[in-house]
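Analysis of the macromolecular model
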Amino acid sequence: MGSGNFLGHALPAIFFVGFGSFFLLLTLKRCRDLQKAARVAREAAADAVDDADGFASPSFADAYLPERNELLILRCGRLLMICSLVGGAYETMGGITRDLGFFHAFAHQALYLSFLFVGAVGCLEGKKIIFMGAHRYALTFSFLLQFVLWHEHAIMKEEPADVRVHMLQAYVNFAAFVIFAYATYDPKSVFAYVGGWAVIVLNGMWMFTAGLNACCVEMLAHAVGAALVLEALFVASMIVLCMACFLDPSPSNQRSNVEMKQYSVVQTDIEEGLVLASAQ
């Protein structure tokens, strides 16, 4: 009982995959809602103006970043605290039932405590007791702590494949630390927002892989890195596929018809000026 078996890996993995996927799907829904609202407004304005083609979709960053839904933050904070307490209790009982002591899985207990801290910060933010966006700082701190824990956990392993599995788990958490750290620096970065949740999903998927390696699948040492690459490509491909299937092309990457007409007028004026200057 504990993180040395498949179930001990699967419990936190389910949480990571579920939590990250929820926010990725929420992001997709919010982008679709913004585009639908812009489309309705553009159609409504078509009868009132000569050209409504320049009506662009509102910015996702301006509408939702940093997260402004206090109720969502509060509920996620509470859920995170509950899941952390359940996971910590599971690890503790694993040591007690096997007569290995209360702190047998101390590293795993510390991991859950770090997320309990994030959940507590989210609850305080959701209740407007501390500043907006505090959960990002807490997540940044938490993933740095997890990098330390997973790195230490990796170097105490003996099997080469097991060492690499846990070392790559540490690197994934370090990547999450870097992304969330950038998100605190630039709260309006959509890349950091989506990338953070994507890495959390990848973190959970790799925990499943670690669980399979612990119980029933003997991974080859030279294939461990390739397995992580394939999982990362899968997550990235799913995000790109959802964007391609459910979202319109971003207007920020395209010139609207109005902008193109204005650019054409300016270019024509410049060309006429050059012709007159050369004639004189």
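Everything discussed here concerns the structure shown above.
Bear in mind the structure is a predicted one, so any value in this text is a computation, not a measurement.

1. Some words on the overall build of the protein chain
From N to C terminus, the protein chain includes 9 helices and 0 strands. For the protein chain, the N- to C-terminal ordering of α and β elements is α-α-α-α-α-α-α-α-α. Looking at the protein chain as a whole, 41% of its 280 residues qualify as buried. Of the accessible surface of the protein chain, which amounts to about 15,700 Å², a share of 68% is contributed by carbon and sulfur atoms.

2. A look at the nonpolar core
Judged by nonpolar contacts, the single largest core of 55 residues is most densely connected at F23, F115, F143 and W197. Elements supplying a minimum of two residues to this core: α1 (6-45), α2 (60-64), α3 (70-97), α4 (106-126), α5 (134-155), α6 (160-185), α7 (190-215) and α8 (224-246). When residues of this core are assigned to their parent elements, the largest contribution, 13 residues, is made by α7. If we skip the residues at most four places from it in the chain, F143 touches F16, F115, N173, A176, F177, F180, I200 and N203.

3. Focus: unusual backbone geometry
A cis geometry characterises the amide bond from L65 onward to P66, with omega recorded as -5°. As for its position among the elements, P66 is in the loop between α2 and α3. Even without glycine at this site, K128 takes up a positive phi of about 65°. Structurally, the position occupied by K128 is in the loop between α4 and α5.

4. Digging into the pattern of salt bridges
Oppositely charged side chains may form a pair once their charged atoms are brought near each other. Within this structure, the stated rule accounts for 3 salt bridges. Of the charged contacts in the structure, one is a salt bridge between D33 and K29, with a shortest N-O distance of 2.8 Å. Of the two residues, D33 and K29 both sit in helix α1, 4 residues apart, roughly one turn of that helix. Here K157 ties to D162 by a salt bridge, and the two come within 3.8 Å at their closest N and O atoms. Classification of K157 by relative accessible area gives partly exposed; the value is 25%.

5. Some points on α4
Here α4 is 21 residues long and its end C-alpha atoms lie 30 Å apart, about the 30 Å a rise of 1.5 Å per residue gives. Positioned one or two residues after α4, K128 has a phi angle of 65°, which is positive.

6. Details of empty space enclosed by the protein
Applying the stated rule across the entire model yields 5 cavities of 30 Å³ or more. Size it by volume and the largest cavity reaches roughly 190 Å³. Together, 14 residues line the largest cavity, and F19, F23, C76, H135 and W197 are the ones closest to its centre. Among the elements of the structure, α1, α3, α4, α5 and α7 are those that each provide at least two residues to the lining of the largest cavity.

7. Some thoughts on the packing of α5 against α7
Taken N-terminus to C-terminus, the directions of α5 and α7 make an angle of 30°; their axes are 13 Å apart at the nearest point. Crossing geometry of α5 relative to α7 is assigned as left-handed. Taken together, the residues of α7 that come into contact with α5 (itself represented by R136, L139, F143 and W150) are Y193, W197, I200, N203 and M207. Looking at the contact of α5 with α7 residue by residue, the class counts come to 7 nonpolar, 1 polar and 1 charged.

8. A short note on the packing of aromatic side chains
In the structure shown here, the tally under the stated rule is 20 aromatic pairs. Arranged with centres 5.3 Å apart and planes meeting at 70°, the rings of F16 and F115 form a pair that is edge-to-face. Here the residue F16 occupies a position in helix α1, and F115 occupies one in helix α4, the gap between them amounting to 99 residues. No difference in accessibility class separates F16 from F115, as the two residues are buried.

Criteria and thresholds
- Residues numbered from 1 in each chain as written.
- Predicted model: local features only at pLDDT ≥ 70, side-chain atom pairs only at ≥ 80, totals over all residues.
- Heavy atoms only, no water.
- Helix = DSSP H or I, 4+ residues; strand = E, 2+ residues; numbered from the N terminus.
- Buried < 20%, exposed > 50% of the residue type's maximum accessible area, 1.4 Å probe, protein only.
- Areas by Shrake-Rupley, 256 points an atom, 1.4 Å probe, with all protein chains shown as cover.
- Core = buried A, V, L, I, M, F, W, Y, C linked by side-chain atoms within 4.5 Å.
- Contact = heavy atoms within 4.5 Å.
- Salt bridge = Lys/Arg side-chain N within 4 Å of Asp/Glu carboxyl O.
- Expected span 1.5 Å × (residues − 1).
- 1 Å grid on protein atoms, 1.4 Å probe; cavity = no way out; pocket = protein on both sides within 12 Å on 5 of 7 lines; lining within 4 Å.
- Points joined across faces, edges and corners; volume = space filled by probe spheres on them.
- Axes fitted to C-alpha atoms, helices over the stretch in contact; angles between N-to-C directions.
- Left-handed = near helix turned anticlockwise from the far one by under 90°.
- Nonpolar A, V, L, I, M, F, W, Y, C, P; charged D, E, K, R; others polar.
- Phe/Tyr/Trp six-rings, centres within 6.5 Å; stacked < 30°, edge-to-face > 60°.

Read these as spatial facts, not as claims about activity.
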